Amino acid sequence: MGATSFKSSDRRKRLLKVMVSKAKCWVIVIKVLNSILLVAGVGAVLCAGWILILDDRFLFLSRMANQNFSEDPMKNYSLLEVCGYMLLATGLLLICLSVLGFLGVCMLNRSILGIYTICICLMVVLQLAAGVLGALYLDSLRMDEVQKQMFTSLQVRYQGPILNDTGLFPSDVEFSHSFDYAQVSLQCCGANNGSDYAVFTEWNRTWYDSSGSLSMAKVPFTCCKVKDGGDPDEAANMRLIKLITYIKDQSCPLKPVDRNSNFVPGCYEKLLDLYTRLSYLIAGVGTFLVVVEIASGTSAYRLCRFLQRTFEDFDGW
């Protein structure tokens, strides 16, 4: 009787050792996956911050792509900014979830692990929905109506590079200021291309050539290329008085060609290209995160079930 009891106890100890080893494996897996989610959450918050603090002069170009483009694009929100807020929320949720996961595995608490698993499932569903929304928006951005809308807005509201005595734009031409900033920063010209300015009649065509003679420009000088080695982003933040001397060829506004101007492509094409590249990047990162979240949620569920069976087998151990 004693020998049987001893063998049973010994088998029970070996089984317990195996159970503990398996539990440690699940704990390590969940900790590694949670570390990835924590880093991703911090990265998402930083990316969201970068999007949301972008200069309004650039963000306004993305607002022009809105189907409900308002009269004042500076007071209108684009989906890019909405995505920024969504990315911020996603990052904060990932950070909270990773902390919750760490608590669950460190304490081996089934309740926390159960809540963690449910939250992970909800996160996956929300991310998939956001992916579908982003794909639909990119398709809408490719529609001809959006390109025509940008062209019409420029035709009606663009006034051209207008300087006051301080070299800055007056506040009432903020629309023009913003689009000029976008043309320099994105190295584009007009909505379709530089030929748009032959149709626009309201913008300031005044330009003094190298000899000081007054001429009529064919494109704004913000469509011109900067000097060799120059940084377009640096040029975009210059006051216009200084930017005039920073362009590659002073004859560019009068005779725009590929050598001295960004006559092609148009800013719509640049915007579409920017959104496409961002969408591919976000889709790739999002897919990776969904896989990690599913693996982490599955691991947490398996650990939770494992702990439940262990408690039942060992009478509340």
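In this report, the structure presented in the accompanying data block is examined. Note that the structure is a prediction, hence the values are computed from the model and not measured.

**Observations regarding the side chain of Gln127**
Right, on to step 1. You can see Gln127 is positioned in helix 4 (residues 110–141).
Right, on to step 2. Note on Gln127: relative accessible area 17%, which makes it buried.
Right, on to step 3. Among the polar contacts made by the side chain of Gln127, one reaches the side chain of Glu293 at a distance of 3.4 Å.
Right, on to step 4. The residues contacting Gln127, other than those within four sequence positions of it, are Thr90, Leu289, Val290 and Glu293.

**Here we look at the packing of aromatic side chains**
Right, on to step 1. Taken as a whole and assessed by the stated rule, the structure comprises six aromatic pairs.
Right, on to step 2. Ring geometry for Phe151 and Phe200: centres 5.2 Å apart, planes at 50°, overall tilted. In this pair, Phe151 sits in helix 5 (residues 144–157) while Phe200 sits in the loop between helix 7 (196–199) and strand 1 (206–208), placing the two residues 49 residues apart along the sequence.
Right, on to step 3. Under the relative-accessibility criterion, Phe151 is labelled buried at 18%.

**Thoughts on the nonpolar core**
Right, on to step 1. If you look at the biggest cluster of nonpolar residues, it comprises 30 residues, and the most contacted ones within it are Leu154, Tyr158 and Tyr197.
Right, on to step 2. For this core, the elements supplying multiple residues, two or more each, are helix 5, helix 6 (174–186) and helix 10 (267–313).
Right, on to step 3. The leading source of residues in this core is helix 10, at five residues.
Right, on to step 4. Those residues in contact with Tyr158 that sit more than four places away from it in its chain are Ser153, Phe175, Ser176, Phe179, Asp180, Gln183, Tyr197, Glu202, Trp203, Pro220 and Thr222.

**Digging into the state of the cysteines**
By definition, a disulfide is the covalent link that joins the sulfur atoms of two cysteine residues.
Right, on to step 1. Counted under the stated rule, the structure contains three disulfides.
Right, on to step 2. At a sulfur-sulfur separation of 2.2 Å, the disulfide partner of Cys224 is Cys252. Taking the sign of the S-S torsion, -100° for the link of Cys224 and Cys252, the bridge is left-handed. With a gap of 28 residues between them, Cys224 in the loop between strand 2 (214–216) and helix 8 (232–236) and Cys252 in the loop between helix 9 (240–244) and helix 10 connect regions that are remote in the sequence.
Right, on to step 3. Classification of Cys224 by relative accessible area gives buried; the value is 6%.
Right, on to step 4. Its relative accessible area of 0% is what places Cys252 among the buried residues.
Right, on to step 5. In the protein, the bonded cysteines, taken in the order they occur along the sequence, pair up as 1-6, 2-3, 4-5.
Right, on to step 6. Of all cysteine sulfurs, the one in Cys119 lies closest to Cys96, which takes part in no disulfide; the gap is 9.7 Å.

Thresholds applied
Residues numbered from 1 in each chain as written. Predicted model: local features only at pLDDT ≥ 70, side-chain atom pairs only at ≥ 80, totals over all residues. Heavy atoms only, no water. Helix = DSSP H or I, 4+ residues; strand = E, 2+ residues; numbered from the N terminus. Buried < 20%, exposed > 50% of the residue type's maximum accessible area, 1.4 Å probe, protein only. Polar contact = N/O pair within 3.5 Å; in protein donor to acceptor, adjacent residues only side chain to side chain. Contact = heavy atoms within 4.5 Å. Phe/Tyr/Trp six-rings, centres within 6.5 Å; stacked < 30°, edge-to-face > 60°. Core = buried A, V, L, I, M, F, W, Y, C linked by side-chain atoms within 4.5 Å. Disulfide = S-S within 2.5 Å.

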